[in-house]
Amino acid sequence: DRLIFTSEFAKKLFQAKGWKGDSGAVIPYVIDLAGVDKTEKRDRGYFLFVGRLHETKGAHILIEAARKAGVMVKIVGDGPARERLRVQAGAMTNVEFLGAMPRLETLELMRDARAVVVPSVWWEPFGLVALEPQGLGTAVIASDTGGLSEVVVHEQTGIKVPPNDIDALANAMCYLANHPEEA
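Conventions we followed
Residues numbered from 1 in each chain as written. Predicted model: local features only at pLDDT ≥ 70, side-chain atom pairs only at ≥ 80, totals over all residues. Heavy atoms only, no water. Helix = DSSP H or I, 4+ residues; strand = E, 2+ residues; numbered from the N terminus. Buried < 20%, exposed > 50% of the residue type's maximum accessible area, 1.4 Å probe, protein only. 1 Å grid on protein atoms, 1.4 Å probe; cavity = no way out; pocket = protein on both sides within 12 Å on 5 of 7 lines; lining within 4 Å. Points joined across faces, edges and corners; volume = space filled by probe spheres on them. Nonpolar A, V, L, I, M, F, W, Y, C, P; charged D, E, K, R; others polar. Pairing = 2+ DSSP bridges. Axes fitted to C-alpha atoms, helices over the stretch in contact; angles between N-to-C directions. Contact = heavy atoms within 4.5 Å. Phe/Tyr/Trp six-rings, centres within 6.5 Å; stacked < 30°, edge-to-face > 60°. Lys NZ or Arg CZ within 6 Å of the ring centre and 35° of its normal.

1. With respect to the environment of Asn-171
Then, number 1: In this fold, Asn-171 is placed in helix α7 (residues 166–178).
Then, number 2: Owing to a relative accessible area of 53%, Asn-171 belongs among the exposed residues under this scheme.
Then, number 3: On a C-alpha basis, the gap between Asn-171 and Val-36 in space is 30 Å, while along the polypeptide they are 135 residues apart.

Quick look at the structure:
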């Protein structure tokens, strides 16, 4: 009878696909950052990807952007594209695969990053991984698509870039690498 959506994007998508129910309600996710020291931001200068290693999440775009930008990228996660991404990164010394990690350690990596990068190439319904770093004082660089468009406020909580745009992503990473005070 009634749907609850995580974002305006998800609500509009259901409506576009023929949802004939009521208008529903949008209630965004909340995050739990218990156990992470949020009082001290320790910018270690690296860029962080957290997520399932699947083609829809855009880690392959991030690797090419890191190749162009020359910045340090740490990748947390596992999934079906893991080996393909490792091959793609080859001998790059500025890309480090950390595998799957416990939540608390992942949140600490987010806190210590220059920015968390969410280069999704599909319509994320919300983008929890883009919200968590903001709660820790860390900037986000995200694809301007789906629910991510609502989670990141361009040039306030992060930088939005077009999905699949390696150059735009590399430029955003270079900008934050060279302007840590902006991050």
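Now that the structure is up, let's keep going.
2. Quick notes on the layout of surface pockets
Then, number 1: When its volume is computed, the largest pocket comes out at roughly 240 Å³.
Then, number 2: Taken together, 14 residues form the lining of the largest pocket, with Glu-155, Gly-158, Ile-159, Leu-176 and Glu-182 sitting closest to its centre.
Then, number 3: Listed by contribution, the elements that provide at least two residues to the lining of the largest pocket are β8 (158–161) and α7.
Then, number 4: Split into classes, the residues belonging to the lining of the largest pocket amount to five nonpolar, seven polar and two charged.

3. Regarding the pairing of strand β3 (residues 47–50)
Then, number 1: Alternating positions in β3 separate into two faces, Phe-47 and Phe-49 on one and Leu-48 and Val-50 on the other, with burial throughout.
Then, number 2: By the bridge criterion, four bridges tie β3 to strand β4 (residues 73–76) in an arrangement that is parallel. Note on β4: the bridge partner recorded for Phe-47 is Val-73.
Then, number 3: In this sheet, strand β6 (residues 115–118) lies alongside β3 in parallel orientation, the contact comprising two bridges. Bridge pairing in β6 places Leu-48 opposite Val-116.

4. Some thoughts on the sheet that holds β6
Then, number 1: Ordered in space as β5-β4-β3-β6-β7-β8, the six strands form an open sheet in which the pairing is parallel. Lying at the two open borders of the sheet, with one neighbouring strand each, are β5 (95–99) and β8. Each neighbouring strand pair of the sheet contributes to a mean axis angle of 20 degrees, computed without reference to strand direction.
Then, number 2: As judged from the four bridges shared by β6 and strand β7 (residues 139–143), these two strands associate in the parallel manner. Across the sheet, residue Ala-115 finds its bridge partner in β7, namely Ala-139.
Then, number 3: Contacts from α7 reach β3, β6, β7 and β8, with the element oriented near 165 degrees to β8.

5. Topic: the packing of aromatic side chains
Then, number 1: Summed over all chains, the structure comprises three aromatic pairs.
Then, number 2: Ring centres of Phe-5 and Phe-14 lie 5.3 Å apart, and the angle between their planes is 65 degrees; on these two criteria the pair is classed as edge-to-face.
Then, number 3: Look at Phe-14 and you get partly exposed, because its relative accessible area is 40%.
Then, number 4: Aromatic pair Tyr-29 and Phe-126: ring centres 5.1 Å apart, planes at 75 degrees, arrangement edge-to-face. With Tyr-29 in the loop between β2 (25–26) and β3 and Phe-126 in the loop between β6 and α5 (128–135), this residue pair connects regions lying 97 residues apart in the sequence.
Then, number 5: Under the relative-accessibility criterion, Tyr-29 is labelled partly exposed at 46%.
Then, number 6: Taking the ring centre of Tyr-46 as reference, the NZ or CZ of Lys-74 above it sits at 5.0 Å.

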